[in-house]
Amino acid sequence: VTAAGDGSGRLYVVERAGRILILVVDDGAGPADRPFLDIRERVGSDGGEQGLLSVAFHPDYAANGRLFVDYTDRSGDTVVAEYARSAADPLRADPASARTILTVDQPFANHNGGLVLFGPDGMLYVGLGDGGSGGDPLDSGQRGDTLLGKILRIDVDAAAGGGAPYAIPADNPFVADPAVRDEVWALGLRNPWRFSFDRSSGDLWIGDVGQGDWEEIDFAVAGAPGGANYGWNRMEGPVCFTEGCDPSRYVAPVAAYDHGQGCSVTGGRVCRGTASAALAGAYLFGDYCSGRIWGLDAAAVARGEAVEPVLLLESGLSISSFGEDESGELYLVDLGGAVYRIVAPGE
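Throughout what follows, the structure given in this document is the object of discussion. Everything numeric in this text was worked out from a predicted model, so none of it was measured.

### Remarks on the overall build of the chain
Alright, step 1. In terms of helices and strands, the chain carries two helices and 25 strands.
Alright, step 2. For 347 residues, the compact-globule estimate of 2.2 N^0.38 gives 20 Å, and the C-alpha radius of gyration of the chain, at 19 Å, lies within 12% of that figure.
Alright, step 3. Reported as C-alpha extents along the three principal axes, the dimensions of the chain are approximately 60 × 55 × 35 Å.
Alright, step 4. Classification of the 347 residues of the chain by burial places 54% in the buried group.
Alright, step 5. Accessible area of the chain: about 13900 Å², with a carbon and sulfur share of 50%.
Alright, step 6. For the chain, the distance from the average position of its 25 positive side-chain charges to the average position of its 50 negative side-chain charges is 5 Å.

Here it is in structure tokens:
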């Protein structure tokens, strides 16, 4: 669930099968009775981890009408595509306007990542899992010659040579390293199921789904040069996954929990809205399996302090995503089919 940032107050909800719905319209028009975008004929949704996984509206969407989606196609591969707002109907995107930005072969059906998100720098960030199976058999998290197991950073506003649909930002961390793909911003990720930028500080927060023992939250302070290696598959959470690994070579998670508390982390967002003063400045994240929601003191993490997550709620929900509206209020998506607004008790 997300907003377009165009001042309309609308919330957009992504359905895995391949539709995007308008949930809220604050301009008096009422909820839309037709999907904003319907690309079900393009999307492969196997009932597991595949499907239409996210939408990102261009920072200048109000003027240019551009939006970007991430989905698995009918062959099970990742596609990042651009669409345009309909010229005839501003409450619709034009399905015929599709332009493929990026395609990534997926060797297995799971660990697709799937989030596209514009950063405060105007670049498009793309989260990709390690390609699936278990234990990262292709070593995608650590290999530099694949986009799998990474967060990418690309410029969709700049023309590239040879007619490519995006350019590589000159300050990407590996542009001078022939052993690593130029698009890579961060590596060593198993399945970055939701990452976000703090709208106040610009800090990057990543929820990375673990294997059999640990779930983790990774972090990069605003202005960091990129290139962080979060350790998968040498590390799982705070411990070695492979025998004899050297933890000092990798960026440790700022929070982790074992599988006695859940089994699949859903990365969240920092509360910057005004509806819940008690939650202000807290990074909220959850677990898909247990429905638990925790909070972290975002400012303390940014200062490099060791902070323990605080359990806030046993929701009983299958938490698949967190979202943010135009004013910074937070929402939670239950894979069972509901969207909730997050507020503190009594507020």
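### Quick word on the environment of Asn64
Alright, step 1. With respect to the helices and strands, the residue Asn64 is situated in helix 1 (residues 61-64).
Alright, step 2. Of the residues examined, Asn64 reaches a relative accessible area of 30% and is grouped as partly exposed.
Alright, step 3. C-alpha separation for the pair Asn64 and Arg85, spaced 21 residues apart in sequence, amounts to 8.2 Å.
Alright, step 4. Here His58 takes part through its side chain, which lies 3.1 Å from a polar atom of the side chain of Asn64.

### Notes on the nonpolar core
Alright, step 1. If you look at the biggest cluster of nonpolar residues, it comprises 21 residues, and the most contacted ones within it are Ile101, Leu102, Leu124 and Val156.
Alright, step 2. Residue assignment for this core shows that the elements contributing at least two residues are strand 8 (93-104), strand 9 (116-118), strand 10 (124-128), strand 11 (150-154) and strand 12 (184-187).
Alright, step 3. Once residues within four sequence positions are removed from consideration, Ile101 is found in contact with Phe68, Val80, Ala81, Glu82, Ile154, Val156, Pro165 and Tyr166.
Alright, step 4. Leu52, Val55, Val69 and Tyr71 belong to the second largest nonpolar core, which has 20 residues in total.

### Description of the packing of aromatic side chains
Alright, step 1. What the rule picks out here adds up to 14 aromatic pairs.
Alright, step 2. On the basis of an interplanar angle of 50 degrees and a centroid distance of 6.0 Å, the ring pair of Phe36 and Phe57 is categorised as tilted. Of this pair, Phe36 sits in the loop between strand 3 (19-24) and strand 4 (37-38) while Phe57 sits in strand 5 (residues 52-57), and the two are 21 residues apart along the sequence.
Alright, step 3. Taken together, a centroid distance of 6.4 Å and an interplanar angle of 25 degrees make the contact between Tyr257 and Phe285 stacked. Note that Tyr257 is positioned in strand 18 (residues 255-258) and Phe285 in strand 20 (residues 282-287), a separation of 28 residues in sequence.
Alright, step 4. With a relative accessible area of 4%, Tyr257 lands in the buried category.
Alright, step 5. Through a chain of ring-to-ring contacts, the aromatic side chains of Trp205, Phe219, Tyr257, Tyr283, Phe285 and Trp294 assemble into a single cluster.
Alright, step 6. Taking NZ or CZ as reference, Arg85 lies 4.8 Å from the ring centre of Tyr61, over its face.
Alright, step 7. Between Arg194 and the ring centre of Trp193, over which it is positioned, the NZ or CZ distance is 4.1 Å.

### Overview of the sheet that holds strand 9
Alright, step 1. Strand order in the open sheet made by the four strands is 9-10-11-12, with antiparallel pairing throughout. Edge positions in the open sheet fall to strand 9 and strand 12, since each of these has one partner strand only. Here the average twist between neighbouring strands, direction ignored, is 20 degrees.
Alright, step 2. Alignment of strand 10 against strand 11, held across five bridges, turns out to be antiparallel. Note that in strand 11 the partner of Gly127 across the bridge is Ile151.

### Considerations on the sheet that holds strand 19 (residues 265-270)
Alright, step 1. On the basis of which strands lie adjacent, the open sheet formed by four strands has the order 19-20-21-22 and antiparallel pairing. Strand pairing shows two members of the sheet lacking a second neighbour, strand 19 and strand 22 (310-314), which therefore form its edges. Strand-to-strand twist in this sheet, taken as the mean axis angle between neighbours without regard to direction, amounts to 25 degrees.
Alright, step 2. Where strand 19 meets strand 20, four bridges bridge the pair, whose relative direction is antiparallel. Note on strand 20: the bridge partner recorded for Val265 is Asp287.

Definitions and cut-offs
Residues numbered from 1 in each chain as written. Predicted model: local features only at pLDDT ≥ 70, side-chain atom pairs only at ≥ 80, totals over all residues. Heavy atoms only, no water. Helix = DSSP H or I, 4+ residues; strand = E, 2+ residues; numbered from the N terminus. Rg over C-alpha atoms; globule rule 2.2 N^0.38 Å. Buried < 20%, exposed > 50% of the residue type's maximum accessible area, 1.4 Å probe, protein only. Areas by Shrake-Rupley, 256 points an atom, 1.4 Å probe, with all protein chains shown as cover. Lys, Arg positive; Asp, Glu negative; His and termini not counted. Charge placed at Lys NZ, Arg CZ, Asp CG, Glu CD. Polar contact = N/O pair within 3.5 Å; in protein donor to acceptor, adjacent residues only side chain to side chain. Core = buried A, V, L, I, M, F, W, Y, C linked by side-chain atoms within 4.5 Å. Contact = heavy atoms within 4.5 Å. Phe/Tyr/Trp six-rings, centres within 6.5 Å; stacked < 30°, edge-to-face > 60°. Lys NZ or Arg CZ within 6 Å of the ring centre and 35° of its normal. Pairing = 2+ DSSP bridges. Axes fitted to C-alpha atoms, helices over the stretch in contact; angles between N-to-C directions.

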